[in-house]
Amino acid sequence: MTVHQLGARQTAFHSARLASERGAAEKRAFGPSQLSNLSSFEFVTSAVPRIHQFEAWRTNFAPIFDIDSARDTRRGFIGRHVTWDLGCFVFSQVTTDPLQFGSVTRHLHWEPLDHFILSVLLSGEAYTEAPTSTFRCTVGATQVHAMGRSFHGSLTASELLMLFVPRDFCPRVSQALSAAEFTTLEGGMARLFHDYMVGLANQLPFVQQADLPALVEATRAMILACASPSVDNVQTASHPIAVTLLDRAQKIIQSRLFDPTMGPETLERELGVSRSRLYRMFEAFGGVKHYIQHRRLLDAHAALANPSDQRRILDLAEQRCFSDGTEFSRAFKREFGYSPTDVRIGRRSNFPCRQSPGLEESDPASRFGTMLRRLHG
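The paragraphs below set out a description of the structure included in this document. (Residues numbered from 1 in each chain as written. Predicted model: local features only at pLDDT ≥ 70, side-chain atom pairs only at ≥ 80, totals over all residues. Heavy atoms only, no water.)

Glancing now at the sheet that holds strand 4 (residues 90-96). Strand order across the open sheet formed by seven strands is 1-3-4-11-6-9-12, with antiparallel pairing between neighbours. Looking at the sheet topology across the chains shown, the edges are occupied by strand 1 (40-44) and strand 12 (183-185). Taking each pair of neighbouring strands and ignoring which way they run, the sheet shows an average axis angle of 20°. In the packing of helix 4 (residues 171-180) onto the sheet, contacts are made with strand 6 (115-123), strand 9 (142-146), strand 11 (158-166) and strand 12, and the angle to strand 6 comes to roughly 60°. (Pairing = 2+ DSSP bridges. Helix = DSSP H or I, 4+ residues; strand = E, 2+ residues; numbered from the N terminus. Axes fitted to C-alpha atoms, helices over the stretch in contact; angles between N-to-C directions. Contact = heavy atoms within 4.5 Å.)

Shown next as structure tokens:
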């Protein structure tokens, strides 16, 4: 069933079941989303009368979950569900009040959907019991459910991302997810998939229909690499993994600029990658240590250029993990071509201009990319 067919089915159900005064509210709740050029829709319970909000939320998820109805509907229910049709996949962003859920396989009037669900929790906590396993999912983890199987569980007030993958989408994907169903993915590759899902949610409002084939292939490769991380799978997903992995590494470095223990070993541990792969990631930036030092120097440059920050240059240097002022001044001048004092007294621009040494010796075809990477770094 497509996203549009699901939306039409939900709308028809509400129109028949609920009173006529809800007609206008349903049009607002199930109207087509303007979030992107992709086929998408948004459902919000706030567009439904309070006493009907929980029942509307139950109906919204009826094709995939049986949500427990044993609650006081007079309190209302807060829920928001944005869904994108990605052709081969369906991607959802969900915000929900606490609820109990179960599979729909026991209901004979439903034809159970035999899809895998990969869910990433952004907030809250989930608990699932299946015939062969019991597992709890917390923020940052990815859990794998199989819709064609029996299960039940609970969800606290949460925000989560969900990727629906048809079982017949790809034999290799099906095999990997079958082996991982009713578990949480763990390790560095699982954290990478979490970041990929977050990035996907951020970018889908801007994705064009023409981008879908490439997006589907990248997502397929990421699922294979993270659910079944063999060498071949990781190589297949090398481009989307490299982009996501580098972005994650840069965020870790930026968040720990003042941590003197921040170094290659920390990144290896946080990212779950080898030393050689880490060095390849940062080769264009002059190496891991050089990139970390550059970010610290950029941060120091901003502090020195800030008229309201009158701390001593030595204090700024020590905060950014330089052992003494002389070492800091030398590194600063090598990086920007002028001294920290020049910035403090306003002799230079507030915008550091980084030089790109050695471009003459590099491959002409790669110079522009090298310049952009260094400018970004």
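Right, let's get into the side chain of Gln-143. Locating Gln-143 in the fold gives a position in strand 9. Assessed through its relative accessible area of 5%, Gln-143 is described here as buried. Residue contacts for Gln-143: discarding those within four places in its chain leaves Ile-117, Leu-118, Ser-119, Ala-126, Thr-128, Phe-135, Cys-137, Thr-183 and Thr-184. (Buried < 20%, exposed > 50% of the residue type's maximum accessible area, 1.4 Å probe, protein only.)

This part is about the sheet that holds strand 2 (residues 66-67). With antiparallel pairing, the five strands of this open sheet are ordered in space as 2-5-10-7-8. In this open sheet, the two strands that pair with only one neighbour each are strand 2 and strand 8 (133-137). One ladder, built from two bridges, connects strand 2 with strand 5 (residues 99-102); its direction is antiparallel. Bridge pairing in strand 5 places Asp-66 opposite Gly-102.

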